[in-house]
Structures are given as structure tokens and as C-alpha cells.
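Reading the structure
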Amino acid sequence: MTPDQKQFEDEILLGDDVEALLGKPIGDYLIRRSQEDIDATTEALKRADPSDPSGIIRLQERIRMLEQFHVWLADAITAGKANLAALAETDSEG
């Protein structure tokens, strides 16, 4: 197995693992908590002192990081499904 094939298969497994995790209470908890933190930080940003640019930047960065968490999970699932579909297509052709 080449390193590329290994990475391809690892992405399929990771996508499956992430999807399974999100279907469990721990997945619900992680998504709920990150969304609660996004909401709380957004509210803090609304009340931030406009004369404190570094404070505003910190809040914006926190929101971006928390939103990125959701994107990472979705990306892992999407990549896994895409690789699995490509593998199925290759198997049906061969």
C-alpha cells in the first residue's frame, strides 16, 4: 500500500468515526457546547468596547475558531464519503 492509498483509506475511516461520534451523546454535547460558546462570544462582541480593538479581535478570533471546529468535522465526513464513493467506483470499473 502506498502512502497515498493509506491516507485515502485513513480519511474514509476518519469520516466514519466522526459521523459515528456525532450520532452519539458526546457528539451532541460537543456541537451544542461549541454553538453555545459561539453565541456567548457573539453577544460579548456586541457589547465590546469599540475603543478596545485588541479585545474585539480576540472575540472575533474565538468565534472563527469555534466555527472552524464545525467545518473540520463536516470536512472529515465529506472527505470520507467522497473517498468511499471513489473507491466504490474504482471497484465497479475493475
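All values derive from a computational prediction rather than experimental measurement.

Scanning the chain from N- to C-terminus turns up three helices and zero strands. Along its sequence from the N terminus, the chain presents helices and strands in the succession α-α-α. The C-alpha radius of gyration computed for the chain amounts to 19 Å, which surpasses the reference 12 Å derived for 94 residues by more than 25%, pointing to a less compact arrangement than a globule. Classification of the 94 residues of the chain by burial places 16% in the buried group. For the chain, restricting intrachain contacts to residue pairs at least 6 apart in sequence, the fraction spanning at least 24 positions comes to 67%. When the accessible surface of the chain is totalled, it reaches about 6700 Å², and 58% of it is carbon and sulfur. The average position of the 10 basic charges and that of the 20 acidic charges among the side chains of the chain differ by 11 Å.

Turning our eyes to something else, we now look at the packing of helix α1 (residues 3–22) against helix α3 (residues 53–93). The N-to-C vectors of α1 and α3 enclose an angle of 130°; their axes lie 7 Å apart at closest approach. With respect to their mutual orientation, α1 and α3 come out oblique. Our pair here, α1 against α3, has a crossing hand that is left-handed. Between α1 and α3, the residues in contact are F8, E11, I12, L14, G15, V18, E19 and L22 and L73, A76, I77, A79, G80, K81, N83, L84, A86 and L87, respectively. Split by residue class, the contact of α1 with α3 holds twelve nonpolar, three polar and three charged.

Along the chain, T41 turns up in helix α2 (residues 25–47). Given the relative accessible area of 8%, T41 is considered buried. Ignoring sequence-local partners within four residues, the contact set of T41 consists of L59, R62, I63 and L66.

What follows deals with the confidence of the model for the chain. Mean pLDDT over the chain: 94, with 99% of residues reaching 70 or higher. Confidence, read as mean pLDDT per element, is least for α1 in the chain (92) and greatest for α2 (97).

Tallied over the full model, the rule gives six salt bridges. Note that E36 is salt-bridged to R33, the shortest N-O span being 3.8 Å. On the criterion of helical spacing, the pair formed by E36 and R33 is a turn pair, its members being three residues apart in helix α2. R33 gets classed as partly exposed once you look at its relative accessible area, which sits at 35%. The partner of K46 in a salt bridge is E43, and the shortest N-O contact between them spans 3.0 Å. On the criterion of helical spacing, the pair formed by K46 and E43 is a turn pair, its members being three residues apart in helix α2. A single network of salt bridges, built from pairs that share partners, joins R32, R33 and E36.

Turning next to a nonpolar patch on the surface. The grouping of I26, Y29 and L30 at the surface amounts to a nonpolar patch, some 240 Å² of accessible area in total. Topologically, Y29 is positioned in helix α2.

Conventions adopted
- Residues numbered from 1 in each chain as written.
- Predicted model: local features only at pLDDT ≥ 70, side-chain atom pairs only at ≥ 80, totals over all residues.
- Heavy atoms only, no water.
- Helix = DSSP H or I, 4+ residues; strand = E, 2+ residues; numbered from the N terminus.
- Rg over C-alpha atoms; globule rule 2.2 N^0.38 Å.
- Buried < 20%, exposed > 50% of the residue type's maximum accessible area, 1.4 Å probe, protein only.
- Contact = heavy atoms within 4.5 Å.
- Areas by Shrake-Rupley, 256 points an atom, 1.4 Å probe, with all protein chains shown as cover.
- Lys, Arg positive; Asp, Glu negative; His and termini not counted.
- Charge placed at Lys NZ, Arg CZ, Asp CG, Glu CD.
- Axes fitted to C-alpha atoms, helices over the stretch in contact; angles between N-to-C directions.
- Parallel < 35°, antiparallel > 145°, perpendicular 65-115°, else oblique.
- Left-handed = near helix turned anticlockwise from the far one by under 90°.
- Nonpolar A, V, L, I, M, F, W, Y, C, P; charged D, E, K, R; others polar.
- pLDDT = per-residue confidence, 0-100.
- Salt bridge = Lys/Arg side-chain N within 4 Å of Asp/Glu carboxyl O.
- Patch = residues over 30% accessible without salt bridge, like charges linked within 9 Å, V, L, I, M, F, W, Y side chains within 5 Å.

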